[in-house]
Amino acid sequence: MSSVKEIDVSRVTETVKELCIKANMLLPDDMCECIKCGALKEESAVGKAVFEDILDNLKAAENESLPICQDTGMAVIFLDIGQDVHFTGGDLYEAVNKGVALGYTDGLLRKSIVSDPLERVNTNDNTPALIHMRIVSGDKVSVMAAPKGFGSENMSQLRMMTPSVTEDEIIAFVTDVCAQAGSNPCPPIVIGVGIGGNFEGCALLAKRALCRSVSLRNSSPRYAALEQKMLESINRLGIGPQGFGGMQTCLAVNIEQAPTHIAGLPVAVNVGCHVTRHAQAVI
């Protein structure tokens, strides 16, 4: 029989704080390498120059401890909570939001959250965060912070398709989302695609897909092949880096799939900019 591990929520607060700052100032190594590879593949002279600017910006942000983008995003926090964990010392949701508030305040990050979608009054600490929890086996807590800017988030779409849809039609939908987005999401972009689930579950799949390493393909050969087909289709659009034209409109496509209803085939496309950010730690 497994024993219960107690974790004081203050540790969650401190972890969230550190991850919010880290994610906004340092891209994951695999994302940096993906950008460097894109620069080598780009054939357009203007596109190559844009890639150089992007890489210079990443270096400057690291050297000067500055955000890699002026839009430091809405804080999306993923918690994978071991079923043998018991939290002590306070409310978990409050602890997470306290960590976000401290991260954005102490880290001097832009605060972009309004308390009501129509009243538009800034909360002045970038809370509340969007918090997604799931219970897993074990006695550890995995915490991921994924700040999401809205230049790219606004370009995302979801479509409730039917089971009669073909793979080519799914590819066409994902490609059309990118075509409509144009230069707005600051390409080269990363695309997270959710396939399956239901309306809200599909959108969450797409968000989780954006948080997967761009160096990892889907474990299913069929979906891995679909990721590659989507990537090639998007890059044929010729939008290019920052919309100036070129071969590298999209750096990676990540698909996450889930069981769905016999009458449906939902597909969500979550668009990420060239600074698709996330940072993770385990407590």
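Residues numbered from 1 in each chain as written. Predicted model: local features only at pLDDT ≥ 70, side-chain atom pairs only at ≥ 80, totals over all residues. Heavy atoms only, no water.

This paragraph deals with the nonpolar core. The biggest cluster of nonpolar side chains holds 27 residues, and the ones touching the most others in it are Ile 77, Leu 79, Phe 87 and Val 141. Of all the secondary-structure elements, those providing two or more residues to this core are helix H1 (9-25), strand S2 (76-82), strand S3 (85-88), helix H4 (92-106) and strand S5 (141-145). Considering each element in turn, this core owes the most residues, 7 residues, to H1. Those residues in contact with Val 141 that lie beyond four places of it in its chain are Ile 7, Leu 79, Asp 80, Ile 81, Val 85, Phe 87, Ala 281, Val 282 and Ile 283. (Core = buried A, V, L, I, M, F, W, Y, C linked by side-chain atoms within 4.5 Å. Buried < 20%, exposed > 50% of the residue type's maximum accessible area, 1.4 Å probe, protein only. Helix = DSSP H or I, 4+ residues; strand = E, 2+ residues; numbered from the N terminus. Contact = heavy atoms within 4.5 Å.)

So, on to helix H8 (residues 221-235). One full turn of an α-helix is made of 3.6 residues, so residues set three or four places apart face in the same direction. In this model H8 runs 21 Å from its N-terminal to its C-terminal C-alpha over 15 residues, within 8% of the 21 Å that 1.5 Å per residue would give. Along H8, the positions that sit buried rather than exposed are Ala 224, Leu 226, Glu 227, Met 230, Leu 231, Ser 233, Ile 234 and Asn 235. Buried residues belonging to H8 abut helix H6 (167-181), strand S7 (189-197) and strand S8 (250-260). (Expected span 1.5 Å × (residues − 1).)

With that settled, the discussion passes to the pairing of S7. Within S7, 8 of the 9 residues are buried, leaving the element largely enclosed by the surrounding structure. Pairing between S7 and S8: 9 bridges, direction parallel. What sits directly across from Ile 195, in S8, is Gln 257. One ladder, built from 6 bridges, connects S7 with strand S9 (residues 265-272); its direction is antiparallel. Paired with Val 190 across the two strands is Gly 272, which belongs to S9. (Pairing = 2+ DSSP bridges.)

So, on to empty space enclosed by the protein. Considering all chains together, one arrives at 1 cavity of 30 Å³ or more under this definition. One number sums up the size of the largest cavity: a volume of about 100 Å³. Along the wall of the largest cavity there are 15 residues; nearest its centre are Pro 147, Lys 148, Leu 210, Thr 276 and Arg 277. Across the lining of the largest cavity, the residue classes tally to 7 nonpolar, 5 polar and 3 charged. (1 Å grid on protein atoms, 1.4 Å probe; cavity = no way out; pocket = protein on both sides within 12 Å on 5 of 7 lines; lining within 4 Å. Points joined across faces, edges and corners; volume = space filled by probe spheres on them. Nonpolar A, V, L, I, M, F, W, Y, C, P; charged D, E, K, R; others polar.)

Quantified by volume, the largest pocket comes out at close to 370 Å³. Taken together, 17 residues line the largest pocket, and the ones lying closest to its centre are Leu 27, Asp 29, Cys 32, Leu 58 and Glu 62. Contributions of two or more residues to the lining of the largest pocket are made by H1, helix H2 (29-41), helix H3 (45-64) and strand S10 (279-282). When residues in the lining of the largest pocket are grouped by element, the largest group, 5 residues, is from H3. Counted by class, the lining of the largest pocket contains 9 nonpolar, 2 polar and 6 charged residues.

What follows covers the sheet that holds strand S4 (residues 130-136). Reading across from one edge, S4-S2-S5-S10 is the order of the 4 strands in this open sheet, with mixed pairing throughout. A strand with exactly one partner marks an edge of an open sheet, and here the two such strands are S4 and S10. This sheet shows a mean twist of 15° between the axes of neighbouring strands, independent of strand direction. Judged from the 7 bridges that link them, S2 and S4 form a sheet pairing that is parallel. Each residue of the ladder has a partner; that of Phe 78, found in S4, is His 132. Helix-sheet contacts for H1 involve S2, S5 and S10, and the interaxial angle to S5 is about 35°. (Axes fitted to C-alpha atoms, helices over the stretch in contact; angles between N-to-C directions.)

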